[in-house]
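Here is what each chain is made of, one letter per residue.
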Amino acid sequence: MRPVYMVSGGVSKFEKARPDATFQKMVKESFDYAMNDVPRLKRHMIDGSVVSYFSDHFTRQLMAGIMATDYLGLCPKPNKRVEGGGATGGLCFQAAWEAVASGRMNVCAAYGFETMSHVPTWKGNEFIALASDVNFDYPVGGFYSGYYAMMVNRHMHEFGTTVEQLAMVSVKNHMNAYFNPYAQKRRKLTIADVRDSEMVAYPLTLLDICVMSDGAATCLLADEETAFRLTDRPVRITGVGTGTDMMRMSDRPHGEVILAPNEKKSDYRKLKYPGVHSFRAGRSAGLQAYRMAGITDPIREIDFVELHDAYTSSEIQTYEDLALCKYGGGGKFVEEGHPFMPQIDYGLKLKKRGTIPVNPSGGLIACGHPVGATGLMQAVFAFWQIQGSIRKHYGDGELQLAKANRGLIHSHAGTGTYVTVSILERGW
Amino acid sequence: MAKKNPTKLASASTRVEELMTGTTVFNVPLPQDLKRLKTMSPIVIKHPYLVEYIHSYGQDSPFFAGLSNGKLLGTRCRKCNYTYATPRLACVTCGRETEWVELPQEGRVHTFTTCYFGSEEFLKETPFHLVLVEFDGVDTLFLSRLLGPERPEDIRIGMKVKARFRRNSQLKPTDVYFVPGE
């Protein structure tokens, strides 16, 4: 395998609805933005591409991938669609990494999109719930917010996590997004606002849950030699990991914790793992990526994280899977302030702010979640953070971290069925 | 003179309900000047997307036959001595074919939620409670609905529940549901 770099990225701003554009045009907007940011890259230098979208139901256009590809003028070069639920974008990013790492391509484009506005919200929830077993789970009342609510109720029972701790994640991510012009929801909230908003699936309220979006994102990846020819600030992808788990969360085992390098067996004497409170796929993906990147103490060795916060609860669960804290410590981790940005006033009293900022962009909860684009959007925002080019791309430098040499991106599907983790580092 | 506390007549969220109905339109005007086309509003149409889908429960079929006869069936791997509450005909640990076994009809709430919204298909049934049920001697959980308690605050993790069955089977997993036990 050879080193792989990200050389550019672009996002077509996520919106509730984009009736003015088809999916091809949204992809083109993000692709053109990425191309314009590396003028030395000409389209003929792109050897092939990977495309991602989650649901054929939302698109109602089979083989939409090739239609995005031909719109970009990338035929007759290699292309394929990558799909894996909510982790579709993360899997697409890693598929492009594979194409370059293997030597098959020197430059590979990864782009993804989703058009969720084409059906009303509750029909959209039905489409998403079809990503649960249609024999046993969907017909009982298939609803992803319900599934995540059951998981967090068990997490609260097991570890004492509180709804106020969940609400703090929402306050944090919405406030970060306040400074991100790409975000769909830019709002200053209080814990009370989150708790007082409409109950969707007990204990998750409307503001604990991400929204549906239309949008697209593009990442451009290249081998080392090409990367340094194109830009003097390429970002190296030093670790990739992909984990899986059983589709039905009721089938998950109740066994032993898969230990991170900074944990020991005695940390978890009584914990049955993963049960429905933790994501074994997330832990597995994280550990693979850490091993490849040579990370043994993630909280000290990583500067920031962009993770898949489809729910405030899953952000807390994911802190633990990624070993940013011990299993069970996720609620305290946010309460103490560790994942908050050091420079932003959240209107909260925080003891230890900014140990490791999580979702500096605002995450899915505030930026939106056009499924096939989401994992790629995270890569673009992390790329700009590491490049130090947040001010250039956001038109506002508030979210630029002083130290952003190494970031982690995390994409997550189903009730934790596919999870990807990739490590991005300053390459120059 | 303005009143100190004028009655609030409308808030920012005062809106008429958006409907998915509309008017049939067959033609739209086109400007003479083609340069103006790029500023044209998008044309949005609506059409149905319905299918009658033939779904086979395949190797899971006996589970549904069990429900229509008041029995809850799971599967067991004899080699691993591992029992699946939601049946699967292949053991995930050793790969062997599993055997059908009858599950107990009493268990405990492993976790729960109350759905106030849901997928369109189930929206009219909200609010409803979802539970994952754990059974003694069974290694995995079972997703079902809980009837009886009114509010989520009335449900406790660990509380005893027992299975009930629809008299007229619909051949759906909702043919079984749970109610609080003793």
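Predicted model only: the values in this text are computed from it and were never measured.

J.: Provide a residue-level description of the packing of aromatic side chains, including the pertinent values.
T.: Evaluation of the coordinates by the stated rule reveals 32 aromatic pairs over all chains. Pairing Phe63 of chain B with Phe64 of chain B gives two aromatic rings, centres 5.0 Å apart and planes at 85 degrees, and the pair type is edge-to-face. When sorted by exposure, Phe63 of chain B lands in the same class as Phe64 of chain B, which is buried. Each residue in the set Phe136 of chain A together with Tyr57, Phe63, Phe64, Phe135, Phe142 and Phe178 of chain B is aromatic and connected to the rest through ring pairs, giving one cluster. One residue, Arg81 of chain A, lies across the ring of Tyr53 of chain A, its end atom 3.7 Å from the ring centre.

J.: Outline the environment of Pro203 of chain A, supporting the account with residue identities and numerical values.
T.: Residue and element names in this part refer to chain A. Residue position: Pro203 is located in the loop between strand 5 (199–201) and strand 6 (204–205). Residues Pro203 and Ser8 lie 195 residues apart in sequence; the distance between their C-alpha atoms is 40 Å. With residues up to four places along the chain from it excluded, the contact list for Pro203 reads Ala149, Val152, Asn153, Met156, Val163, Arg195 and Asp208.

J.: An account of the sheet that holds strand 8 (residues 235–244) of chain A is requested, with residue identities and associated values reported.
T.: Residue and element names in this part refer to chain A. Across the sheet, 9 strands lie side by side as 3-2-4-7-1-8-13-12-11; this open sheet has mixed pairing. Either end of the sheet is taken by a strand with one partner, and the two such strands are strand 3 (79–82) and strand 11 (304–306). For this sheet the average axis-to-axis angle between neighbouring strands, irrespective of direction, equals 25 degrees. Relative to strand 3, strand 2 (residues 48–52) runs parallel, the two being bridged by 4 bridges. Bridged to Ser49 within strand 3 is Asn79. Taken strand by strand, helix 1 (residues 23–37) contacts strand 1 (4–15), strand 4 (107–115) and strand 7 (214–223), and its axis lies near 40 degrees from that of strand 7.

Cut-offs applied
Residues numbered from 1 in each chain as written. Chains lettered and ligands numbered in written order. Predicted model: local features only at pLDDT ≥ 70, side-chain atom pairs only at ≥ 80, totals over all residues. Heavy atoms only, no water. Phe/Tyr/Trp six-rings, centres within 6.5 Å; stacked < 30°, edge-to-face > 60°. Buried < 20%, exposed > 50% of the residue type's maximum accessible area, 1.4 Å probe, protein only. Lys NZ or Arg CZ within 6 Å of the ring centre and 35° of its normal. Helix = DSSP H or I, 4+ residues; strand = E, 2+ residues; numbered from the N terminus. Contact = heavy atoms within 4.5 Å. Pairing = 2+ DSSP bridges. Axes fitted to C-alpha atoms, helices over the stretch in contact; angles between N-to-C directions.

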